[in-house]
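Structure assessment
The primary structure of each chain is shown beneath.
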Amino acid sequence: MNAPSWTARLRLDFRRDAAATRLRFRHEGPLRVFKTLYPEGDAVCHTVIVHPPGGIVQGDRLDIAVDAGPDTHAVITTPGATRFYRCEHGDSRQTTQLHVGAHARLEWLPQETIVYPGVRGANRLCWTLHESASLITWDVLSLGLPASGLSYTAGRFEQTMAWPGVWLDQGCLDGSDQRLLTSPLGWGGCACLGTLVYASGSPLPAATRESWLTAIREGLPWNAEIRAAATSPDARLIVVRALAPLTEPIFRTLESAWARLRQLAWGMAAPPLRSWRV
């Protein structure tokens, strides 16, 4: 007998109200807005979303849609990891779609995605931007539970980050593909991958991109604990990558790059992500 599955949907609409960014939302199933915070003042709405079951299994479908309206600034995160558990029947999937309106700023900064052995699933992030908008987002993927010695030796997981017409990053991680997971040309024996993206609706001048890349690279580590690098595959993109055995050094690296990009692009300091400690 197949285990029951569910579909959960959450839509977040951010709108400008005088000098404040305000949230309206709708939900269906076990996806919720846990809390909104204003640690930077009314102009920036920090929003915490939760999935109370704590995991995605057996054909579950989670759909998240975010619309950051004109002149808004929203920071969205989660208080815990997203877990894709083993699936014996059906595929599980989480899809997140972001739209950033005119002169708006959006930061999508969830905690890590943990992929358990035996998974059959997909995690898809897609966004669109107005030409005057900008986005900072990251994704941290952990194969198995490396700190607990649970290795990712079986399963199939698809990971996608996409800006239609501009950039596509897509991969399929097969737990039996040891050449990919252990080769120095692949994951090099690491279990965790982090990706941070700064996306601008309009092309950045070449000199600006080079100066930003130089500033970011100055803070990127390359040692036995972690390997990290930054590049610009398109005039509208800055991409930071990091590989490590554990998620902790990846988060330290991406938070440092996030803070630099916030200052360089928006002239704003990066406050501690209080939403991770609510």
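Residues numbered from 1 in each chain as written. Predicted model: local features only at pLDDT ≥ 70, side-chain atom pairs only at ≥ 80, totals over all residues. Heavy atoms only, no water.

**Thoughts on the pattern of salt bridges**
Here is the rule: Definition used for salt bridges: Asp or Glu carboxyl oxygen within 4 Å of a side-chain nitrogen of Lys or Arg. A run of H or I in DSSP becomes a helix once it reaches four residues, and a run of E becomes a strand once it reaches two; helices and strands are each numbered from the N terminus. Using a 1.4 Å probe on the protein chains alone, a residue whose accessible area is under 20% of its type maximum counts as buried, one over 50% counts as exposed, and one in between counts as partly exposed.
With the rule as written, the count across this model stands at 13 salt bridges. For Glu40, the salt bridge is made with Arg262, and the minimal N-O distance between the two is 2.8 Å. Of this pair, Glu40 sits in the loop between strand S3 (32–37) and strand S4 (45–50) while Arg262 sits in helix H3 (residues 247–266), and the two are 222 residues apart along the sequence. Glu40 gets classed as partly exposed once you look at its relative accessible area, which sits at 25%. What makes Arg262 buried here is its relative accessible area of 0%. Two residues, Arg120 and Asp91, come together in a salt bridge whose shortest N-O distance is 3.3 Å. Separated by 29 residues along the polypeptide, Arg120 in strand S11 (residues 119–129) and Asp91 in the loop between strand S7 (82–84) and strand S8 (92–100) bring together distant segments of the chain.

**Describing helix H2 (residues 206–217)**
Operational definition: Helix span, as expected, comes to 1.5 Å for every residue beyond the first. The arc in question is the one spanned by the directions pointing from the helix axis to the C-beta atoms.
Helix length check: H2, at 12 residues, gives a terminal C-alpha distance of 16 Å against a target of 16 Å (1.5 Å per residue), a fit within 8%. Within the sequence span of H2, burial applies to Arg209, Trp212, Leu213, Ala215 and Ile216. Taken around the axis of H2, the buried residues stretch over an arc of 160°, which confines them to a single face.

**Concerning the side chain of Ser92**
The condition is simple: Residue contacts follow a heavy-atom distance rule, with two residues in contact if any of their heavy atoms lie within 4.5 Å.
Position of Ser92 relative to the elements: it lies in strand S8. The class for Ser92 is buried, based on a relative accessible area of 1%. Not counting residues up to four positions away in its chain, the partners in contact with Ser92 are Ile56, Val57, Gly59, Asp60, Arg61, Phe84, Cys87, Arg120, Gly121 and Ala122.

**So, the environment of Gly186**
Here Gly186 shows up in the loop between helix H1 (178–182) and strand S15 (192–200). In sequence terms Gly186 and Leu243 are 57 residues apart; their C-alpha atoms lie 10.0 Å from each other. Look past the residues within four positions of Gly186 in its chain and what remains in contact with it is Leu180 and Leu243.

**Quick notes on the sheet that holds strand S13 (residues 155–163)**
The test is simple: DSSP calls a pair of strands paired once it identifies at least 2 bridges connecting them. Axes here refer to lines fitted to C-alpha atoms; in helices the fit is confined to the stretch in contact. Angles between the N-to-C directions go from 0 to 180 degrees.
An order of S2-S1-S5-S8-S11-S13-S14 is seen for the 7 strands of this open sheet, with the pairing classed as mixed. Bordering the open sheet on either side are strand S2 (20–28) and strand S14 (167–174), each of which pairs with just one other strand. Recorded for the sheet is a direction-independent mean angle of 10° between the axes of neighbouring strands. For S11 and S13, the ladder comprises 8 bridges, and the chain directions are parallel.

**Re the nonpolar core**
To keep it simple, the criterion reads: Residues belong to one nonpolar core when they are buried, are Ala, Val, Leu, Ile, Met, Phe, Trp, Tyr or Cys, and are joined through side-chain atoms within 4.5 Å.
Core analysis: the biggest nonpolar cluster contains 45 residues, and Leu12, Val66, Leu106 and Trp127 have the highest contact counts within it. Excluding anything up to four places from it in sequence, Leu106 contacts Val66, Ala68, Ala74, Ile76, Leu98, Val100, Ser134, Leu135, Ile136 and Trp266. Counting 31 residues, the second largest nonpolar core, distinct from the first, contains Val44, Leu196, Trp212 and Trp258.

**A word on the confidence of the model for the protein chain**
For clarity, the threshold we go by: On a scale of 0 to 100, pLDDT captures the predictor's confidence in every residue.
Mean pLDDT over the protein chain: 92, with 96% of residues reaching 70 or higher. Taking the mean pLDDT of every element in the protein chain, the minimum, 87, falls on H1 and the maximum, 98, on strand S9 (residues 105–109).

**Description of the pairing of S15**
Here S15 lies mainly inside the structure; 8 of its 9 residues are buried. In this sheet, S15 lies alongside strand S12 (residues 134–143) in antiparallel orientation, the contact comprising 9 bridges. Within the sheet, the bridge partner assigned to Ser142 lies in S15 and is Cys192. Sheet topology places S15 next to strand S17 (residues 237–244); 8 bridges connect them, and they run antiparallel.

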